[in-house]
Amino acid sequence: MTKKIGILVSGRGSNLQAIIDRIKDGYLPLEISVVISDMPGAFALERARQSGLKAVAVDRKAYANRASFETGLNEALGDVDGVVLAGFMRILSGEFIERWHHRIINIHPALLPSFPGMHGQRQANDYGTKVAGCTVHFVDAGTDTGPIIIQKVVPAYFEDDEDTLAARILEQEHAALPEALKLWAEDKLTIIGRKVKIGG
Ligand code: GRF
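Every chain is numbered independently, its residues counted from 1 as its sequence is written. The predicted nature of this model means local features are confined to residues of pLDDT at least 70 and side-chain atom pairs, given and counted, to a pLDDT of 80 or more, with totals for whole chains, interfaces and linings taken over all residues. Hydrogens and water molecules were not included; the side-chain quantities draw on all heavy atoms of the structure.

(A) Examining the site of the ligand more closely. Residues in contact with the ligand, as listed here, are R12, G13, S14, N15, G87, I107, P109, Q121 and E173. Under the rule applied, a polar contact is a pair of N or O atoms within 3.5 Å (in protein, one hydrogen donor and one hydrogen acceptor; residues adjacent in sequence only if both atoms are side-chain atoms). Between the ligand and G13 there is a distance of 2.8 Å, counted from an oxygen atom to a backbone nitrogen or oxygen. In the complex, 88% of the free accessible area of the ligand, which totals 360 Å², lies under the protein chains. For the shell around the ligand, the residue count by class is two nonpolar, five polar and two charged. Whether a residue is near a molecule or strand depends on its heavy atoms: it is near if one of them lies within 4 Å of it. Per-residue accessibility takes into account occlusion by the displayed protein chains alone, with areas from the Shrake-Rupley method and a 1.4 Å probe. Here the nonpolar group is Ala, Val, Leu, Ile, Met, Phe, Trp, Tyr, Cys and Pro; Asp, Glu, Lys and Arg are the charged ones; every other residue, Gly included, is treated as polar.

Structure, rendered in structure tokens:
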């Protein structure tokens with residue numbers, strides 16, 4: 001049966017668009033039940049609406065605390081099979097992550113475990129690494145520490161700045177996220193300790 005996902009976004013939503021496009025072209029056997037943003041003005045919500053998807057703002061500022069905000073997220077998610085963080089800029093609580101144990105997938109714009117947290121691309125550029133990339137992983141209680149599904153590598157050049165490097169990484173994000181989600185959708189991922197086994 002086709003799995004249903006909820007996608008959490010905060011900004012422009014290019015990764016969301018990549019998922020939408022790969023579902024439309026038949027590559028990705030998933031159904032998007034809802035797109036949720038903590039930022040009511042996020043362009044990602046507009047993209048969702050343009051594709052005829054349910055788009056919901058769960059405005060963090062309208063909630064007194066994280067617990068009630070996350071209750072709002074859970075209500076909006078309903079009975080989805082999994083949650084995708086596609087440029088979602090908030091840290092989720094241990095309770096929320098436990099509620100969706102091993103059913104939350106995140107895209108991070110760095111080669112984890114290097115450069116977790118905010119601005120992975122800037123961190124890599126400042127550090128002067130010769131390669132950079134992105135990581136799709138299951139979410140656990142830490143920040144960007146969960147079991148890794150897929151990583152994609154790009155070259156990093158002396159001449160790069162944060163923006164040129166981020167653009168090169170973003171192109172790979174748009175390939176990596178649908179690829180990882182396809183494996184998940186087709187039940188080809190098994191988490192064994194820290195490692196993810198990929199296979200039929
Ligand atoms: C991406 O670089 C993603 O890895 C990071 O935030 C950015 C979101 O971009 N977490 P978009 O909203 O998908 O265009």
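Here the narrative resumes, following the displayed structure.
(B) The pairing of strand 1 (residues 3-9), seen in detail. Taken across its seven residues, strand 1 has six buried, putting it largely inside the fold. Any two strands with at least two DSSP-identified bridges between them are counted as paired. Numbering of helices and strands starts at the N terminus; helices are DSSP runs of H or I of at least 4 residues and strands are runs of E of at least 2. Where strand 1 meets strand 2 (residues 30-37), seven bridges bridge the pair, whose relative direction is parallel. In the strand pairing of strand 2, I7 is matched with V35. Note on handedness: a crossover is taken as right-handed if, strands pointing away from the viewer, the path from the first strand over the helix to the second is clockwise. Read from strand 1 through helix 1 (residues 14-24) to strand 2, the crossover connection turns out right-handed. Bridge count between strand 1 and strand 4 (residues 82-85): four bridges; the pairing is parallel. Across the sheet, residue L8 finds its bridge partner in strand 4, namely L85. Only protein chains enter the calculation, and the probe is 1.4 Å; a residue is then buried if its accessible area is under 20% of its type maximum, exposed if over 50%, and partly exposed in between.

(C) Inspection of the sheet that holds strand 5 (residues 104-108) at higher detail. Spatially, the seven strands line up as an open sheet ordered 3-2-1-4-5-6-7, and their pairing is mixed. Each having just a single partner strand, strand 3 (55-57) and strand 7 (148-155) make up the two edges of the open sheet. Sheet twist, expressed as the mean angle between neighbouring strand axes with direction ignored, is 20°. Bridge count for strand 2 against strand 3 is three bridges, and the pairing is parallel. If you follow V35 over to strand 3, its bridge partner there is A55. Should any heavy atoms of two residues lie within 4.5 Å, those residues are considered in contact. Here the axes come from fitting lines to C-alpha atoms, over the contacting stretch only for helices, and the angles between their N-to-C directions go from 0 to 180 degrees. On the sheet, helix 1 packs against strand 1, strand 2, strand 4 and strand 5 and is oriented at approximately 160° with respect to strand 2. The strands that helix 3 (residues 66-77) touches are strand 1, strand 2, strand 3 and strand 4; relative to strand 2, the one it contacts most, it runs at about 150°.

(D) Spatial organisation of the side chain of N106. Counting through the fold element by element, N106 comes out in strand 5. A polar contact is formed between the side chain of N106 and the side chain of D144, at a distance of 3.3 Å. Apart from residues lying up to four places away in sequence, N106 is in contact with L85, T135, V136, H137, V139 and D144.

(E) Up close: the pattern of salt bridges. What makes a salt bridge here is a side-chain nitrogen of Lys or Arg within 4 Å of a carboxyl oxygen of Asp or Glu, nothing more. Counted according to the given criterion, the structure contains 10 salt bridges. A salt bridge links K182 to E186; the shortest N-O distance between them is 3.2 Å. Overall, K182 belongs to the partly exposed group, its relative accessible area being 22%. Residue class for E186 comes out partly exposed when judged on its relative accessible area of 31%. As a salt-bridge pair, E186 and K188 come within 3.0 Å of each other at their nearest N and O atoms. In this structure K188 comes out as partly exposed when scored by relative accessible area, which is 29%. Taken together, the shared-partner salt bridges in this structure form one network comprising K182, E186 and K188.

(F) Spotlight on the packing of helix 5 (residues 120-127) against helix 6 (residues 162-185). One way to put it is that helix 5 packs onto helix 6 with a least axis distance of 9 Å and a crossing angle of 125°. Judged by the angle between their axes, helix 5 and helix 6 are oblique. Crossing of helix 5 against helix 6: the hand is right-handed. Where helix 5 abuts helix 6, its residues Q121, R122, A124 and N125 lie against E162, L165, A166, I169 and E173. When the residues that make up the contact of helix 5 with helix 6 are grouped by side-chain class, the tally is four nonpolar, two polar and three charged. For classification purposes, an angle smaller than 35 degrees is called roughly parallel, one larger than 145 roughly antiparallel, one from 65 to 115 roughly perpendicular, and anything else oblique. A clockwise turn of the near helix away from the far one marks a right-handed crossing, whereas an anticlockwise turn of less than a right angle marks a left-handed crossing.

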